[in-house]
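Chain by chain, the residues:
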Amino acid sequence: MDISAITTAYNGLKMAKDVFVGLADLKVETESLQKINDAARKVGEAQDTLFQLREELFRLQEENSELKKLITEKEDWKKRLVSAYEFFLTLFTITDHSLSLRIFP
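Residues numbered from 1 in each chain as written. Predicted model: local features only at pLDDT ≥ 70, side-chain atom pairs only at ≥ 80, totals over all residues. Heavy atoms only, no water.

**Some details on the overall build of the protein chain**
Cut-off, in case you're wondering: Secondary structure follows DSSP: runs of H or I at least 4 residues long count as helices, runs of E at least 2 residues long count as strands, and numbering of each begins at the N terminus. For every residue, the accessible area obtained with a 1.4 Å probe (protein chains only) is divided by the maximum for its type, and the residue is called buried under 20%, exposed over 50%, and partly exposed between those limits. Contacts are assigned to residue pairs with any non-hydrogen atoms lying within 4.5 Å of each other.
Looking only at helices and strands, the protein chain has two helices and two strands in total. Here the protein chain, with 105 residues, has 9% of them falling under the buried criterion. Here the contacts in the protein chain between residues at least 6 apart in sequence split such that 50% fall between residues at least 24 apart.

In structure tokens:
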């Protein structure tokens, strides 16, 4: 689920709540008015939940982006270290606990 889906659901619930509030303004019997008010309250609670979900989704997307950036940076450092080690091996010969510089003709 992405932010646009949550926003669409939120807007739909807002419209439903507005309809219920509009119905409550009409002169209706007490039992019907109670049911309309209950429905409007439940829709409002659903809106609040969707709003919290949208905020949490945004926070998680930001965290995911930062973690991907850290992984990329670490992979870049790993590539640099491997490259430096390979370069070191081309310059030096390691034999029986000794290190000697290679002489290239």
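After that view, the rundown keeps rolling.
**Structural notes on the pattern of salt bridges**
Note on pairing: side chains with opposite charge can pair once their charged atoms come close. The condition is simple: Definition used for salt bridges: Asp or Glu carboxyl oxygen within 4 Å of a side-chain nitrogen of Lys or Arg.
Scanning the model with the defined rule gives three salt bridges in all. Of the charged contacts in the structure, one is a salt bridge between R41 and E45, with a shortest N-O distance of 2.9 Å. Linking R41 with E45, this pair stays in helix α2 (residues 30-91), spanning four residues, or about one helical turn. Taking the relative accessible area as the measure of exposure, R41 reaches 42% and is therefore partly exposed.

**A look at a negative patch on the surface**
Our working definition: Patches were defined on residues exceeding 30% relative accessible area and lacking a salt bridge, with like-charge contacts within 9 Å and nonpolar side-chain contacts (Val, Leu, Ile, Met, Phe, Trp, Tyr) within 5 Å. Using the Shrake-Rupley algorithm and a 1.4 Å probe, accessible areas are obtained, with residue cover drawn only from the displayed protein chains. Asp and Glu are treated as the negative residues and Lys and Arg as the positive ones, with His and the ends of the chain left uncounted. Charge positions are represented by NZ for Lys, CZ for Arg, CG for Asp and CD for Glu.
A cluster of acidic residues, E62, E66, E73, E75 and D76, forms a negative patch on the protein surface. Structurally, E73 is set in helix α2.

**Brief notes about the side chain of Q47**
With respect to the helices, strands and loops of the structure, Q47 is situated in helix α2. Contact partners of Q47, with chain neighbours within four places excluded, come to Y10, L13, K14 and K17.

**A few points about α2**
To keep it simple, the criterion reads: Working rule for helices: expected span equals 1.5 Å times residues minus one.
Taking 1.5 Å per residue as the helical rise, α2 with its 62 residues ought to reach 92 Å, and the 92 Å between its terminal C-alpha atoms agrees with that figure. Where α2 is concerned, the buried positions are I36, A40, V43, G44, Q47, L50, R54 and L57.

**Quick notes on a nonpolar patch on the surface**
A cluster of nonpolar side chains, contributed by Y85, F88 and L89, occupies part of the molecular surface with about 270 Å² of accessible area. Of note, Y85 is situated in helix α2.

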